[in-house]
Structures are given as C-alpha cells and as structure tokens.
Amino acid sequence: MENKMKNLPFIPQDILDDLASRFIINIPEEEKANMVRVCFQIELAHWFYLDFLCSHKEQKQDKKLPSCGMKQFTSIIFQHVPFLHPQVPNLDKILEDWKQYKLSVPTYGAILISENLKSVLLVQSYFAKSSWGFPKGKINENEDPMHCAIREVYEETGYDCSKGIKENDYIDLIINFQYTRLYLVTGVSLNTKFQPRTRNEIKCCEWFPVEFLPSNKYQVEAKANLGIGPNSFFMILPFIKPLKRWLKEFERRKKDENKPSTSKSTTNRRNRMQPNFDATPEAPPSIEKDRRPRPKSTSEEGFKLANFEIPQNVAVPNIYGSPAPPTVTQALPSGSKQEPRRRRLVFENKNFKHEEAPTTPITILQRQPEKTSTPITLKTVAEQPKKSFSEAFAEDAKKIMAREFKFDKQKIMDLWHRTMINTAKSGL
C-alpha cells in the first residue's frame, strides 16, 4: 500500500482543499458513514477536476495539473480528508463494493434513429480508445426513467429528444446483472449537429447504418463494411437484433396507416378499437325487416299450398320420383261432410306424363317365428319321474367326466356326500 501511495500523481494542496470543501466535507453526517455515498461524491469531484482544472487553457506547461484515474484520485482524497484517513487500509474493498453497487443502479438512454429508419447514432467515450455505444446513464434517486433518458441524451449529444420520445417504445435488457432501458426515438435528421454538454466524457457522435452493425462478436464482415471490428461494438451487441425487429414492425405499421382502407371489416375494426362514447347507441336491426319474403308462385306449374282434395285419376309423384297410382275417392253418404284434408305440398307439372306402376310381383321375405321351448311350470316338474340316488350320482359323474378327462377321486367323494345330504333333507 505504501508503494502505491508513493506512485500517486501530485495535486497541489489548495486544489485538494477546494475539491474537498465543494463535494465531500459538507455532505450530511448519515452519508459520511456510508462509504458508497462518499465514493459517488468523490466521482463528482474527479469529473470536476478533469473538466475544469486539468483542461484549463491558461495553465502553463510547467504548472499543468496531471490527469489521473478514479482509483488514484480516490486514494489522494482519502489521504487528504481527515474523516476518511482511517479508511485508507480498506480502500480496495470500498472501491470494489462501490463498483458492485453501481452495477445494480439501472441505466436509461435512447436510440436516435434517422428519418429514413436506416441509421442510428452512436457515441464514443472520452477515455475509451475505440468502443462505441448508445447515449445512456445511471438514474438519480427519485428520478423518472423517461426524464433520466432525456437528460442523459442531452448531456452526451446536446440533442433534446423530449418531443420524439414515447413511453411504450423501448428495448430493455439485463446485461451483467444491470438493467438497461433504451427508448426508441425516430425522425432525427442526419444533418443534426451534435454537441456534448459535458466535458471530457464524450469524444464524438457519428451515424452508423443499422444493416452493417454486428449482432455478435464473430461477425467479421463489420470491419469490411465499417472499418471497425465487432469488438468495438460490444456495448450495443445485445440490442441490434431487437432493434431490427422493431424497425420492421414500425415500417409495417407506418404502411398500414398510410394505406387507404377500402374494406368494411377494417373500418369496423378501427371503430371497435376507438369507440365513441358520446354517440347514442344505434337501434338493433329489426328481424321482420331483414327476413327474406317467401316466394309466392302464381304459375300453374309452381308450388301451391292450400286445403284441397286430390282429384280423381291424377298421378301425384311420390318421394322417390316415380308416379303414384291414381287414387279413387269413395262415395260419401248423403248428409255427411267430408273432413278437410291436411295441408300438403304438391308439385303440379303439366308436362308430367303418367306411367302405369310396374306389375312385377315383389317378393317379401317373411321372418320365421322363433322356436320356443315349452314353459316350465309346477305341473311339468311334478310330472317328471323322480330319480334315485344312484341315477342322480351317475348323471353328475358323467357331467364331471365330460368336462374333465382327469378327475379327482376327492371331488367325486365330495359330490357323493352333498347328494346324500340333499336327499336326506328332501326326505324330511
């Protein structure tokens, strides 16, 4: 640790006092006990030191302040501030805990898309050699996500995207246990001049065609198309595929909106999606009005539905199409009334010629009556001759022999005992 302290760059005492009074000493007491909150204040002091003190134009070459990283600057501040000096031996653990906490803080930003939907804006960090990414940053405490995205885009690019940003158009992913959400902002002109509002944070802003951006680190053709290897886009690789899918869907929706709707179903669908609650509801269509009227035929060959009598010697076609034999009405006695026939649907056709029914006799297969055995009654049972014990035993033995060729003597003895018992009971 002592060797590391000796290799630290020299920062004048008055500058350290100014930085400590601006960002560290005057913070609340509860934040002084939290080393993570102290590291965030030291980070602000480091940015101020790099932006306004190291890059000052009036500095002479002999008195130019040295630039340093966050770890070296934190070590210098811990040695200079009295209440932080006891924590110098634990500095490595404090910085590691602070980095882990930073990964848990969500980041929000935006993807600026050109008017032709073919290019996106990427920014390059001031300290990064060749890495490119979308403008984004960590959210502040109690800050709205959309407000954070607008603020970060304005700080890193100088472009105000508050008019084009939409709450529901975004891509969110979890990368290295850190939640990142990028809002999609369309309609940005390619001639827009971008000017970062922060010092020593963003080096440059450039447009890149979406079709040439790699979606994984193995797409070496990106270097042939863009002149930059895929490793330089490692921060945007997970967002390229979702971005291309969203652009295709956006183009399809845009074409559907510009396309004139001629079909009635499309109009009804839009009306259902955008209901008008102020309009009075329409009355339901009447059933009688939409019902199709029944055809009424006045011709002699059409359908007729009425109460009528079938005249004599008129052939009426049956359901199979062949003409039915003519019917003959019986004479009614005088004074009696003929009952009205039921409504029937008759097809009258003058061109239909009557043909006599075929006289070929039809053979009908009659079902033969089943043979039934004589019913068993008490009389028939009494008439049967009584069998002796030996005859009954012989019949049972024959049944057993017919069922089993190999019979057991024990079975026969058991059958003989049961027969004797039954005979004795019947005798009683």
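Residues numbered from 1 in each chain as written. Predicted model: local features only at pLDDT ≥ 70, side-chain atom pairs only at ≥ 80, totals over all residues. Heavy atoms only, no water.

(A) A look at the overall build of the chain. The helix and strand inventory of the chain stands at 14 helices and nine strands. Across the 428 residues in the chain, those meeting the buried criterion constitute 29%. A fraction of 64% describes how many contacts in the chain between residues 6 or more apart in sequence connect residues 24 or more apart. (Helix = DSSP H or I, 4+ residues; strand = E, 2+ residues; numbered from the N terminus. Buried < 20%, exposed > 50% of the residue type's maximum accessible area, 1.4 Å probe, protein only. Contact = heavy atoms within 4.5 Å.)

(B) Fine view of a positive patch on the surface. Residues Lys-241, Lys-244, Arg-245 and Lys-248 make up a contiguous surface patch of positive charge. Structurally, Lys-248 can be placed in helix 9 (residues 237-258). (Patch = residues over 30% accessible without salt bridge, like charges linked within 9 Å, V, L, I, M, F, W, Y side chains within 5 Å. Areas by Shrake-Rupley, 256 points an atom, 1.4 Å probe, with all protein chains shown as cover. Salt bridge = Lys/Arg side-chain N within 4 Å of Asp/Glu carboxyl O. Lys, Arg positive; Asp, Glu negative; His and termini not counted. Charge placed at Lys NZ, Arg CZ, Asp CG, Glu CD.)

(C) Here's a closer look at the confidence of the model for the chain. Across the chain, the average pLDDT comes to 76, with 62% of residues at 70 or higher. Looking at the elements of the chain, mean pLDDT is at its lowest for strand 8 (residues 303-306), recorded as 44, and at its highest for strand 1 (residues 107-114), recorded as 96. Below pLDDT 50 for its whole length, residues 297-310 participates in 35 contacts with residues either more than four positions away or in separate chains. In the predicted structure, residues 342-348 sits below a pLDDT of 50 and forms 22 contacts with residues beyond four places in sequence or in another chain. (pLDDT = per-residue confidence, 0-100.)

(D) Spatial organisation of the pairing of strand 6 (residues 178-188). Extensive coverage of strand 6 is indicated by the burial of eight of its 11 residues. Taken together, the seven bridges between strand 1 and strand 6 define a ladder with parallel strand orientation. If you follow Ile-111 over to strand 6, its bridge partner there is Leu-184. As judged from the six bridges shared by strand 5 (residues 170-175) and strand 6, these two strands associate in the antiparallel manner. Counterpart to Ile-174 in the pairing with strand 6 is Tyr-179. Linking strand 5 back to strand 6 in an antiparallel pair, the connection comprises two residues, with Asn-176 at a positive phi of about 55 degrees. (Pairing = 2+ DSSP bridges.)

(E) How the structure looks around the packing of aromatic side chains. By the definition in use, this model includes 13 aromatic pairs. Ring centres of Phe-208 and Phe-233 lie 5.7 Å apart, and the angle between their planes is 85 degrees; on these two criteria the pair is classed as edge-to-face. With Phe-208 in strand 7 (residues 202-209) and Phe-233 in the loop between helix 8 (221-226) and helix 9, this pair connects stretches of sequence that are 25 residues apart. Across this residue pair, the class does not change: Phe-208 and Phe-233 are buried. (Phe/Tyr/Trp six-rings, centres within 6.5 Å; stacked < 30°, edge-to-face > 60°.)

(F) Spotlight on the pattern of salt bridges. Scanning the model with the defined rule gives nine salt bridges in all. When the shortest N-O distance is used, the salt bridge between Glu-43 and Lys-102 registers 3.1 Å. Placement of the pair is Glu-43 in helix 4 (residues 35-54) and Lys-102 in helix 6 (residues 91-104), with a sequence separation of 59 residues. Close ionic contact of Glu-249 with Arg-252 constitutes a salt bridge, the shortest N to O distance being 2.4 Å. Here the residue Glu-249 and the residue Arg-252 both occupy positions in helix 9, the gap between them amounting to three residues, near one helical turn. Owing to a relative accessible area of 34%, Glu-249 belongs among the partly exposed residues under this scheme. Judged by relative accessible area, Arg-252 falls into the partly exposed class, the value being 42%. Among the charged side chains, a network of salt bridges with common partners joins Glu-143, Arg-151, Glu-152 and Glu-155.

(G) Here's a closer look at the side chain of Thr-74. Summarising the element assignment, Thr-74 is placed in helix 5 (residues 70-80). Given a relative accessible area of 1%, Thr-74 falls into the buried group. Other than its neighbours up to four places away in sequence, Thr-74 contacts Ile-42, Leu-91 and Leu-95.

(H) Layout of the nonpolar core. In terms of nonpolar packing, the biggest core is built from 35 residues, with Leu-19, Ile-42, Tyr-49, Phe-73, Ile-77, Phe-78 and Leu-84 touching the most fellow members. Only helix 2 (13-23), helix 4, helix 5 and helix 6 provide two or more residues apiece to this core. Top contributing element to this core by residue count: helix 4, with 12 residues. Setting aside anything within four residues of it in sequence, one finds Ile-42 in contact with Ile-24, Met-70, Phe-73, Thr-74, Ile-77, Phe-78 and Leu-84. Listed in part, the 23 residues of the second largest apolar core include Leu-117, Leu-213, Leu-243 and Phe-250. (Core = buried A, V, L, I, M, F, W, Y, C linked by side-chain atoms within 4.5 Å.)

(I) View of the packing of helix 2 against helix 5. Their axes nearest at 11 Å, the elements helix 2 and helix 5 cross at an angle of 90 degrees. Between helix 2 and helix 5, the angle falls in the class roughly perpendicular. Mapping the contact onto sequence places Gln-13, Leu-16, Asp-17 and Leu-19 in helix 2 and Phe-73, Ile-76, Ile-77 and His-80 in helix 5. (Axes fitted to C-alpha atoms, helices over the stretch in contact; angles between N-to-C directions. Parallel < 35°, antiparallel > 145°, perpendicular 65-115°, else oblique.)

(J) How the structure looks around helix 2. Regarding helix 2, the residues found buried are Ile-15, Leu-16, Leu-19, Ala-20 and Phe-23. One face of helix 2 carries all of its buried residues, which in axial projection span an arc of 130 degrees. Every exposed residue of helix 2 that faces more than 90 degrees away from the buried side is listed here: Gln-13 and Asp-14. (Arc of directions from axis to C-beta.)

(K) Representation of unusual backbone geometry within the structure. Positive phi values are uncommon outside glycine, yet Asn-176 reaches one of about 55 degrees. Along the chain, Asn-176 turns up in the loop between strand 5 and strand 6. The phi dihedral of Phe-177 is positive, around 65 degrees, even though this residue is not glycine. If you trace the backbone, Phe-177 turns up in the loop between strand 5 and strand 6.

(L) Structural context of the packing of helix 4 against helix 5. Interaxial distance between helix 4 and helix 5 falls to 10 Å at its minimum, and their mutual angle equals 110 degrees. The angle between the axes of helix 4 and helix 5 places the two elements in the roughly perpendicular class. In this structure, helix 4 meets helix 5 at a crossing whose hand is right-handed. Side by side, helix 4 and helix 5 meet where Met-35, Cys-39, Ile-42, Glu-43, Ala-45, His-46 and Tyr-49 of the first sit next to Met-70, Phe-73, Thr-74, Ile-77 and Phe-78 of the second. For the contact of helix 4 with helix 5, the class distribution of residues is nine nonpolar, two polar and one charged. (Left-handed = near helix turned anticlockwise from the far one by under 90°. Nonpolar A, V, L, I, M, F, W, Y, C, P; charged D, E, K, R; others polar.)

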